[in-house]
Amino acid sequence: MSAYQEYFDESHQLVRDSVRRFVEREILPHIDEWEEAESFPRELYLKAGAAGILGIGYPEGLGGSHEGDLFAKVAASEELMRCGSGGLVAGLGSLDIGLPPVIKWGRPELRERVVPQVLSGEKIIALAVTEPSGGSDVASLRTRAVRDGDHYRVSGSKTFITSGVRADYYTVAVRTGGEGFGGVSLLLVEKDAPGFSVGRTLKKMGWWASDTAELFFDDCLVPATHLIGMENMGFACIMANFQSERLALAIMANMTAQLALEESMAWAREREAFGKPIGKFQVQKHRLAEMATQLEVSREFTYRQAAKMAAGKSVIKEISMAKNFATDVADRLTHDAVQILGGMGYMRESLVERLYRDARILSIGGGTREIMNEIIAKQMGL
């Protein structure tokens, strides 16, 4: 039994087929242009919303579909990655890190106003946790929110925020209490909030098609009803959110590796040297065999953790392992793909050149490789 047969059923195949057709119709014809422009049209959110893609995995009562079906989400995520642009997928998918806290812990009136707008693609939401003073040390964040009657006054800044330029809503981590993880809360900040501003669009090594921004809060006024969850309990919400984000990044890494392998296989069959296809040389055959082996192991382990998550089991240690392993595999396979394609692999017109650049962020975002190892070690009792 293949992994696909074990984890995915016919309904998942329908999701996969639908998303693949969307990618072929709406993204692939334009993706090279959008990458060079370092942006994609906002209209794509509306199209993805109308196609039901943004709503996959979310409550039907709020405009979603396949609620609670994690492998429907996995199938959709894998097919979106076939566009070959991690940046586009990250930008289009910023709702998957910004929206879950609103759904799980936001007030009903906030949830009912915000969520349908985001799932339809009418509005865009981003998650804002990382600060200029440090990214991985969430418990030490400095952006301060002080209660003032029916509002909070927020002061501070965020950086490296995906969809930060064009977002309408921001799920923002702030300090409402004392030092450490016990003083952190989450607030939903709207784009037009007094005292809120978006800084420059940041230039990046990879993920060109995603907008990444700095955010500034200058005595920003946010209604107290926009508090997500209980005051000073935001750290637990952020950590719960991270588990899903790490699964998503492992899936993205595995698909990056998959595309790199496919491009390498096609090149090995077509490119000739010394009178025969380069794939006939033992050194290349063995390299491709190693690449396929690493990918298969990584994908199976990732699926296993997704299945346990879907069953409600805790996978704090294992999902951190999956993310580290998958991102290592993506690094290795994109490196090998460039080597196999040689000079062409170094050209901007080559997909593997983009995959190589895009892969580098995957072991940094959602918790660095080093933080993952700290989590693993702690779960081992070390």
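Residues numbered from 1 in each chain as written. Predicted model: local features only at pLDDT ≥ 70, side-chain atom pairs only at ≥ 80, totals over all residues. Heavy atoms only, no water.

With respect to empty space enclosed by the protein
Counted under the stated rule, the structure contains one cavity of 30 Å³ or more. Its boundaries defined by the atoms lining it, the largest cavity holds a volume of some 50 Å³. Here the residues of the lining of the largest cavity sort into seven nonpolar, two polar and one charged. (1 Å grid on protein atoms, 1.4 Å probe; cavity = no way out; pocket = protein on both sides within 12 Å on 5 of 7 lines; lining within 4 Å. Points joined across faces, edges and corners; volume = space filled by probe spheres on them. Nonpolar A, V, L, I, M, F, W, Y, C, P; charged D, E, K, R; others polar.)

A look at the UniProt feature "domain: Acyl-CoA dehydrogenase/oxidase N-terminal" (unreviewed entry) in the protein
UniProt's entry tags residues 10-122 with the feature "domain: Acyl-CoA dehydrogenase/oxidase N-terminal" (unreviewed entry), counted in the numbering of this structure. Regarding residues 10-122, the helix share stands at 65% and the strand share at 0%, and the terminal C-alpha atoms are separated by 30 Å. (UniProt positions renumbered as here; feature names shortened; annotations may be inferred. Helix = DSSP H or I, 4+ residues; strand = E, 2+ residues; numbered from the N terminus.)

As for the pairing of strand β1 (residues 125-128)
Covered by surrounding structure in β1 are Ile125 and Leu127 together with Ala126 and Ala128, the residues of both alternating faces. For β1 and strand β4 (residues 169-175), the ladder comprises four bridges, and the chain directions are parallel. Following the sheet pairing, Ala126 is matched in β4 by Tyr170. (Buried < 20%, exposed > 50% of the residue type's maximum accessible area, 1.4 Å probe, protein only. Pairing = 2+ DSSP bridges.)

Regarding the layout of surface pockets
In this structure, the second largest pocket encloses a volume near 260 Å³. Residue lining of the second largest pocket: 18 residues in total, with Asp32, Glu349, Ser350, Leu351 and Arg354 positioned closest to the centre. Mapped onto the lining of the second largest pocket, the elements with two or more residues apiece are α3 (31-37), α10 (234-270) and α13 (351-359). If you tally residues by element for the lining of the second largest pocket, the top one is α13, at four residues. Here the residues of the lining of the second largest pocket are counted per class, giving five nonpolar, two polar and eleven charged.

A short note on the packing of aromatic side chains
All told, the structure shown has eleven aromatic pairs when counted by the stated rule. For the pair Trp34 and Phe40, a centre-to-centre distance of 6.4 Å together with 45° between the ring planes defines the contact as tilted. Neither Trp34 nor Phe40 differs from the other in exposure class; each is buried. Ring centres of Phe181 and Phe235 lie 5.5 Å apart, and the angle between their planes is 40°; on these two criteria the pair is classed as tilted. One end of the pair, Phe181, is in the loop between β4 and β5 (184-190); the other, Phe235, is in helix α10, and 54 residues separate them in sequence. (Phe/Tyr/Trp six-rings, centres within 6.5 Å; stacked < 30°, edge-to-face > 60°.)

A look at the pairing of strand β7 (residues 212-223)
Strand direction decides the pairing type here: strand β3 (residues 151-162) and β7, joined by nine bridges, are antiparallel. When the sheet's bridge partners are listed, Gly156 is paired in β7 with Phe217. Pairing between strand β6 (residues 196-201) and β7: four bridges, direction antiparallel. In the sheet register, Val198 faces β7, and the bridge partner there is Leu215.

Some words on the nonpolar core
The biggest cluster of nonpolar side chains holds 83 residues, and the ones touching the most others in it are Ile27, Leu88, Leu92, Leu99, Val154 and Val189. Element by element, the count of residues in this core is highest for α10, at nine residues. With residues up to four places along the chain from it excluded, the contact list for Leu88 reads Ile27, Ile31, Trp34, Phe40, Leu44, Cys83 and Ala209. Residues Val329, Leu341, Val352 and Leu355 belong to the second largest nonpolar core, which totals 18 residues. (Core = buried A, V, L, I, M, F, W, Y, C linked by side-chain atoms within 4.5 Å. Contact = heavy atoms within 4.5 Å.)

Regarding the side chain of Arg166
Mapped onto the secondary structure, Arg166 falls in the loop between β3 and β4. By relative accessible area, Arg166 is classed as buried at 15%. Of the polar contacts made by the side chain of Arg166, one reaches the backbone oxygen of Phe40; its length is 2.5 Å. (Polar contact = N/O pair within 3.5 Å; in protein donor to acceptor, adjacent residues only side chain to side chain.)

Focus: the pattern of salt bridges
If charged atoms from side chains of opposite charge come close, those side chains can pair. Per the counting criterion, the structure on display carries 24 salt bridges. As a salt-bridge pair, Glu35 and Arg354 come within 3.7 Å of each other at their nearest N and O atoms. Of this pair, Glu35 sits in helix α3 while Arg354 sits in helix α13, placing them 319 residues apart in sequence. Grouping residues by exposure puts Glu35 and Arg354 together as buried. Here Arg369 and Asp328 are joined by a salt bridge, their closest N and O atoms 2.4 Å apart. Of the two residues, Arg369 sits in helix α14 (residues 369-379) while Asp328 sits in helix α12 (residues 316-341), which places them 41 residues apart along the sequence. Take Asp328: its relative accessible area is 18%, and that puts it in the buried class. By sharing partners, the salt bridges in this structure join Arg16, Arg20, Glu78 and Glu79 into a single network. (Salt bridge = Lys/Arg side-chain N within 4 Å of Asp/Glu carboxyl O.)

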